[in-house]
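Read off the chains here:
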Amino acid sequence: MMNHLQKLSRAFTTISIHERRSKLLSKLNLASLIFVSKKTMKIASKEETSLIARSATLYIAGRNFSSVQKVRDEKDRDREFATQLHNEGFGLVLQGRPQEGLEKFKQALEIRRRIYKGNHKEIEESLRLMGDALRDLGKFQEALDYYKEALEMYQSLSNKVGLFTAIYLNNVGATLNDLGRSVEALTYLKESLEINKRASREDNSFRESTLFNIGTTLLSLGKPHEALVYLKEALEMNKSLDQEDNENRVKYLGDIGAAFRMVGNMQEALNYYTQKVTVSKKLYPNDHPVLAESLASLGVVLQNLGKTKEGLDYLMQGLNMKRRLNQGDDLMTANILRSISDASYALGNFEGAFDYAQQALEIIQKLNLGVSPESHGALIHMSNALFALKRFQETLNCLQKTLEIEKKLHQAPHPQITNTLFTIGTTLYVLKRPEEALDYYMQAYEMKLKIYPKDHPEIATTMTSLGQTLSTLKRLSEAKDYYKQAFETFTKHYSVDHPESQSALVGLLSTMQHPGEAGELLKYMKYLKKK
């Protein structure tokens with residue numbers, strides 16, 4: 001959601017279109033207009049920041065900016081001090097210092113609760129801004145609690161359901177999505193959108209924000225086609241309300257690109273990620289976290305399109321920028337390192353692939369995300385690289401850690417668990433430990449039977465490995481049965497000449513060593529591909 005400065009700036013720069021300039025001028029003082037005309041915090045002085053913070057606060061709250069009256073008693077002094085703290089906090093948040101702003105809001109809230117017994121508009125306002133600051137700090141549960149309290153207080157104070165109701169519902173919904181409670185979030189966000197449409201016929205920045213939040217929530221729910229509808233509408237509204245490139249546009253372009261990636265349309269994903277990089281470079285000519293993330297995202301989609309070298313170049317640009325910004329120990333950097341590991345592996349640089357994945361894992365562990373999809377992904381990259389480097393014992397150790405995490409993340413049967421069980425079996429087989437390999441292959445086989453149909457190629461692949469391991473253990477009769485079932489399954493889905501079919505066939509023929517099997521041997525020999 002755009003910050004209060006962006007809302008104020010947008011209102012001023014677009015006001016002539018809606019012929020409300022006189023109304024706006026009545027709410028802003030001259031210092032505020034001078035500040036807004038500068039467009040950005042980067043060129044504003046501390047004095048101007050203080051002035052705009054106060055004016056913006058009063059504007060958003062729907063009150064006229066007026067001179068401070070003479071303080072008459074202690075309650076008036078407390079009330080004025082709370083307002084001062086509130087405005088100072090607002091200014092700090094505008095400067096990107098939400099933790100300091102939060103402390104001011106807390107003090108203001110304590111004073112206002114002491115002054116006003118029960119519900120009051122100023123308490124409601126403090127609760128909302130507390131929620132904003134906490135969400136900026138990533139403290140989503142605390143933010144949600146304040147947003148909900150503010151919403152309940154607003155509803156008790158106001159008899160009408162209007163734009164502010166929609167804003168509160170949007171804040172609650174967006175924070176629920178931050179917490180991973182996406183289904184619940186969607187209910188709040190859609191209600192917010194409906195109320196917004198009833199309250200105002202004109203497009204507005206709050207509606208734009210809600211459209212975007214619905215889109216991102218649908219992405220979280222794995223519904224990219226539906227998400228695209230809302231995200232594209234948010235982007236178009238952003239363009240109609242603000243002709244100039246802005247931070248929100250960068251986010252919208254990125255999420256639309258992500259949605260296209262999810263539906264498998266990599267060319268459209270590339271189009272939007274390229275636009276995201278272009279806009280980011282305009283907004284941030286120097287090193288900036290948003291530009292670093294934009295470069296890395298473009299690198300990933302290029303990699304998905306098979307343009308691995310080009311993708312790796314963008315990923316390295318993103319990584320190096322993060323490190324120049326002294327932000328090389330966050331989750332974004334870990335994800336970039338994982339993508340670089342993947343690209344390095346695809347280019348045959350297995351040492352590099354292992355090194356980058358290991359760096360990613362170290363960051364993830366520092367962030368106390370030891371049991372997480374991120375740590376799981378890093379370990380998978382590491383084990384793949386180690387196997388390619390023929391460092392099999394290290395591969396086995398890595399895979400055992402991977403399996404431990406998967407069992408905590410997922411309830412069996414689960415495809416990730418079966419894949420890891422199978423890979424551990426393969427690693428043990430290469431280490432010449434067939435008895436142990438057989439145990440893991442059998443675990444993978446039994447779990448896959450609970451996930452896939454019996455004649456699924458995934459089942460057949462495991463049966464081929466079971467046949468191979470049993471042959472090594474001289475249990476030829478059992479091996480023959482698995483090879484035969486694997487061959488029949490593969491030829492049902494693929495041609496006889498397919499590598500999987502031929503692998504199962506060669507194994508099957510190798511088990512037919514008894515004279516009584518000569519006829520059967522000749523029957524299957526005719527399927528053997530001639531070299």
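Structure: above.
Before going into details, it helps to say that this report is about the structure given with it. Being a predicted model, the structure only gives us computed values, none of them experimental.

**Points about the nonpolar core**
Most often, soluble globular proteins have nonpolar side chains that are buried together. With 36 residues, the main nonpolar core has I214, I256, L298 and V301 as its most contacted residues. At the level of elements, α10 (182-199), α11 (205-220), α12 (224-241), α13 (247-262), α14 (266-283) and α15 (289-304) are the ones that each hand at least two residues to this core. Take this core: its biggest share by element is eight residues, from α12. The residues contacting V301, other than those within four sequence positions of it, are R261, M266, A269, L270 and Y273. With 33 residues, the next largest nonpolar core counts L403, L428, M447 and M463 among its residues.

**Some remarks on the environment of I424**
Checked against the element boundaries, I424 lands in helix α21 (residues 415-430). Overall, the relative accessible area of 0% leaves I424 in the buried class. Remark: the alpha-carbon pair of I424 and L399, spanning 25 residues in sequence, is separated by 6.4 Å. The contact partners of I424, leaving out residues within four places of it in the chain, are L396, L399, Q400, L403 and Y440.

**Points about the packing of helix α6 (residues 98-115) against helix α7 (residues 121-136)**
Two numbers describe how α6 lies on α7: the axes approach to 9 Å, and their chain directions differ by 160°. Judged by the inter-axis angle, α6 sits roughly antiparallel to α7. The interaxial crossing formed by α6 with α7 has left-handed handedness. Contact residues: P98, L102, F105, K106, L109, R112 and R113 in α6; E122, I123, E125, S126, L127, L129, M130, A133, L134 and D136 in α7. Among the residues forming the contact of α6 with α7, the class breakdown is 10 nonpolar, one polar and six charged.

**Describing the packing of α21 against helix α22 (residues 434-448)**
When two helices pack together, their arrangement is given by the angle between their axes and by how far apart the axes lie. In the contact formed by α21 and α22, the axes pass within 8 Å of each other and the chain directions differ by 160°. By the angle between their directions, the pair α21 and α22 is classed as roughly antiparallel. Where α21 crosses over α22, the two elements pack in a sense that is left-handed. For the pair formed by α21 and α22, the contact residues are I417, T418, L421, F422, I424, G425, T426, L428 and Y429 on the first element and E436, A437, Y440, Y441, Q443, A444, M447 and K448 on the second. Among the residues forming the contact of α21 with α22, the class breakdown is 11 nonpolar, four polar and two charged.

**A word on the side chain of T427**
Within the fold, T427 resides in helix α21. Take T427: its relative accessible area is 0%, and that puts it in the buried class. Separated by 2.8 Å, the side chain of T427 and the backbone oxygen of T423 make a polar contact. What T427 contacts, discounting residues up to four positions off in sequence, is F387, F392, T395, L396 and L399.

**Digging into the packing of aromatic side chains**
Applying the stated rule across the entire model yields 13 aromatic pairs. With 5.2 Å between their ring centres and 55° between their planes, F422 and Y441 make a pair best called tilted. On the criterion of sequence distance, the pair formed by F422 in helix α21 and Y441 in helix α22 is long-range, its members being 19 residues apart. In this structure F422 comes out as buried when scored by relative accessible area, which is 17%. Classification of Y441 as buried rests on a relative accessible area of 2%. Taken together through their ring pairs, the aromatic side chains of Y154, F164 and Y168 make up a single cluster. Over the face of the ring belonging to F354 we find R391, whose NZ or CZ atom lies 5.1 Å from the ring centre. Positioned above the aromatic ring of F422, the side-chain terminus of K448 is 4.9 Å from the ring centre.

**Observations regarding the pattern of salt bridges**
With the rule as written, the count across this model stands at 25 salt bridges. A salt bridge links R113 to E149; the shortest N-O distance between them is 2.9 Å. With R113 in helix α6 and E149 in helix α8 (residues 140-157), this residue pair connects regions lying 36 residues apart in the sequence. Judged by its relative accessible area of 36%, R113 falls in the partly exposed class. Under the relative-accessibility criterion, E149 is labelled partly exposed at 29%. Between K484 and E520 there is a salt bridge, with the nearest N and O atoms lying 2.7 Å from each other. With K484 in helix α24 (residues 476-493) and E520 in helix α26 (residues 518-525), the pair connects residues that are 36 residues apart, well separated along the chain. For E520, a relative accessible area of 21% translates into the label partly exposed. Counted as one network, the salt bridges with shared partners bring together K480, K484, E517 and E520.

The rules we used
Residues numbered from 1 in each chain as written. Predicted model: local features only at pLDDT ≥ 70, side-chain atom pairs only at ≥ 80, totals over all residues. Heavy atoms only, no water. Core = buried A, V, L, I, M, F, W, Y, C linked by side-chain atoms within 4.5 Å. Buried < 20%, exposed > 50% of the residue type's maximum accessible area, 1.4 Å probe, protein only. Helix = DSSP H or I, 4+ residues; strand = E, 2+ residues; numbered from the N terminus. Contact = heavy atoms within 4.5 Å. Axes fitted to C-alpha atoms, helices over the stretch in contact; angles between N-to-C directions. Parallel < 35°, antiparallel > 145°, perpendicular 65-115°, else oblique. Left-handed = near helix turned anticlockwise from the far one by under 90°. Nonpolar A, V, L, I, M, F, W, Y, C, P; charged D, E, K, R; others polar. Polar contact = N/O pair within 3.5 Å; in protein donor to acceptor, adjacent residues only side chain to side chain. Phe/Tyr/Trp six-rings, centres within 6.5 Å; stacked < 30°, edge-to-face > 60°. Lys NZ or Arg CZ within 6 Å of the ring centre and 35° of its normal. Salt bridge = Lys/Arg side-chain N within 4 Å of Asp/Glu carboxyl O.

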